[in-house]
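Below, each chain spelled out in residue letters.
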There are 2 protein chains.
Amino acid sequence: MRSRTREKSEPGTRGELRAVDGLAQLSFLIHGTLERRAAEHDVSMTQTRLLGVLRDRTPTINELAKLLALDKSSTSGLVARAERRGLVARIPSTTDRRSVEVALTDAGRSLVAQVSASFEADVSKLLDRLRRSDRDALTSLVSRLLAAHATAHGVDLFATTDTQAPQRR
Amino acid sequence: MRSRTREKSEPGTRGELRAVDGLAQLSFLIHGTLERRAAEHDVSMTQTRLLGVLRDRTPTINELAKLLALDKSSTSGLVARAERRGLVARIPSTTDRRSVEVALTDAGRSLVAQVSASFEADVSKLLDRLRRSDRDALTSLVSRLLAAHATAHGVDLFATTDTQAPQRR
DNA sequence: TATTGTTATACTCTATAACTATA
DNA sequence: TATAGTTATAGAGTATAACAATA
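Residues numbered from 1 in each chain as written. Chains lettered and ligands numbered in written order. Predicted model: local features only at pLDDT ≥ 70, side-chain atom pairs only at ≥ 80, totals over all residues. Heavy atoms only, no water.

Some words on the packing of helix α2 (residues 45-54) of chain A against helix α3 (residues 61-68) of chain A
Residues and elements named next belong to chain A.
Argument step 1. Between α2 and α3, whose axes approach to 11 Å, the crossing angle comes to 115 degrees. Crossing handedness for the pair α2 and α3: right-handed. Listed contacts from α3 to Arg 49, Leu 50, Val 53 and Leu 54 of α2 are Leu 64, Leu 67 and Leu 68.
Argument step 2. When its residues are assigned to classes, the contact of α2 with α3 shows 6 nonpolar, no polar and 1 charged. (Axes fitted to C-alpha atoms, helices over the stretch in contact; angles between N-to-C directions. Helix = DSSP H or I, 4+ residues; strand = E, 2+ residues; numbered from the N terminus. Left-handed = near helix turned anticlockwise from the far one by under 90°. Contact = heavy atoms within 4.5 Å. Nonpolar A, V, L, I, M, F, W, Y, C, P; charged D, E, K, R; others polar.)

Overview of helix α1 (residues 19-40) of chain A
All names here are of chain A.
Argument step 1. Between its terminal C-alpha atoms α1 stretches 32 Å, which fits the 32 Å expected from 22 residues at 1.5 Å a residue.
Argument step 2. For α1, the tally of buried residues reaches 18 of 22 residues, placing the bulk of the element in the interior.
Argument step 3. Two residues or fewer past α1, Asp 42 is found with a positive phi of approximately 60 degrees. (Expected span 1.5 Å × (residues − 1). Buried < 20%, exposed > 50% of the residue type's maximum accessible area, 1.4 Å probe, protein only.)

Some words on the pattern of salt bridges
Argument step 1. Under the definition given, this model contains 22 salt bridges over all chains.
Argument step 2. Taking the shortest distance from any N to any O, the salt bridge between A:Asp21 and A:Arg18 comes out at 3.5 Å. Of the two residues, A:Asp21 and A:Arg18, both sit in the buried class.
Argument step 3. Note that B:Asp96 is salt-bridged to B:Arg98, the shortest N-O span being 3.0 Å.
Argument step 4. Among the charged side chains, a salt-bridge network with shared partners connects A:Arg18, A:Asp21 and B:Glu120. (Salt bridge = Lys/Arg side-chain N within 4 Å of Asp/Glu carboxyl O.)

Description of the confidence of the model for chain A
Residue and element names in this part refer to chain A.
Argument step 1. The pLDDT averaged across chain A works out to 86; a share of 82% of its residues lies at or above 70.
Argument step 2. Contacts for the low-pLDDT stretch residues 1-14, under 50 throughout, to residues beyond four places or in other chains number 31 contacts.
Argument step 3. With pLDDT under 50 throughout, residues 157-169 is counted as low confidence; its partners more than four residues away or in other chains account for 47 contacts. (pLDDT = per-residue confidence, 0-100.)

What follows is the structure in structure tokens.
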């Protein structure tokens, strides 16, 4: 993260950050933006991730645990707290009486939509600091980078839900 | 974050992510990379941030709290846990007997260096998936984006310590 | 009186282990 | 027996409020 030595890539303009540092800073900036927007609605990143995942799914606790890369007990508690706040609902499965399905409530859907919208606005505003052509170039490069990474890891890039941080534990 | 509607910027290649989605995904990817590397050494992002900040500073608890954007009580506990693990040391201030200075121990310095190195290697490896020219272009664009953002917010971009997420609270 | 740091308390988030109910 | 989910327990991380020591 630190280190002023420039081994690889010594790009053009002076005062430029090393590639790694620049990407790291940008990541923290964007991550922090989402965190701040979520906090405005009194939800943590974890809760936001939960709500984000539920936007297009109604998973069981077990499935949810896999999606969020959490233990089922952690997931159970996470859902319990969200339920207490009226953001999600537990729906008993009709096929397996051991299972429950977790679904967004209207309040939960509304909340995640608001957080989403303000976060996207923030990132758009950030991008607007670049000229249109640079913006397009950046988008293209980032897309290719992600695509290359996904291919190399056998991940389905376009299936990934966005709010969901690629965590493991 | 979701939404397939493409208002702004409809860049070149098909199957390309929206600008916002791409940046968000990349951010989570990089954030997760650091988290995973830190976890390999049994330290959380918070502890990593603490150690990162201390690499080139010996702040008081109060200063540390400002640097990490945490309450002083949270900082006190954070330092206490790190101290218990032998990663940092509390040094009584000679000028103000109420104050303590927090410094990395050798173990702490070694740990943060290792996490740093493996994280940088990860990001470098990610970047190596692009052609040299694309890599340089990306670096340049990211640098300019961060510079523009920093200027617009009166932040000292090049003074920022890298591991340190730009959080507020 | 004001400031520095710690402590008490409370809540979220996480994991492991033990348990219940169902399959 | 195996699986789905919850609960008990423990610890990190966070904040607010109250406190002790020093300025």
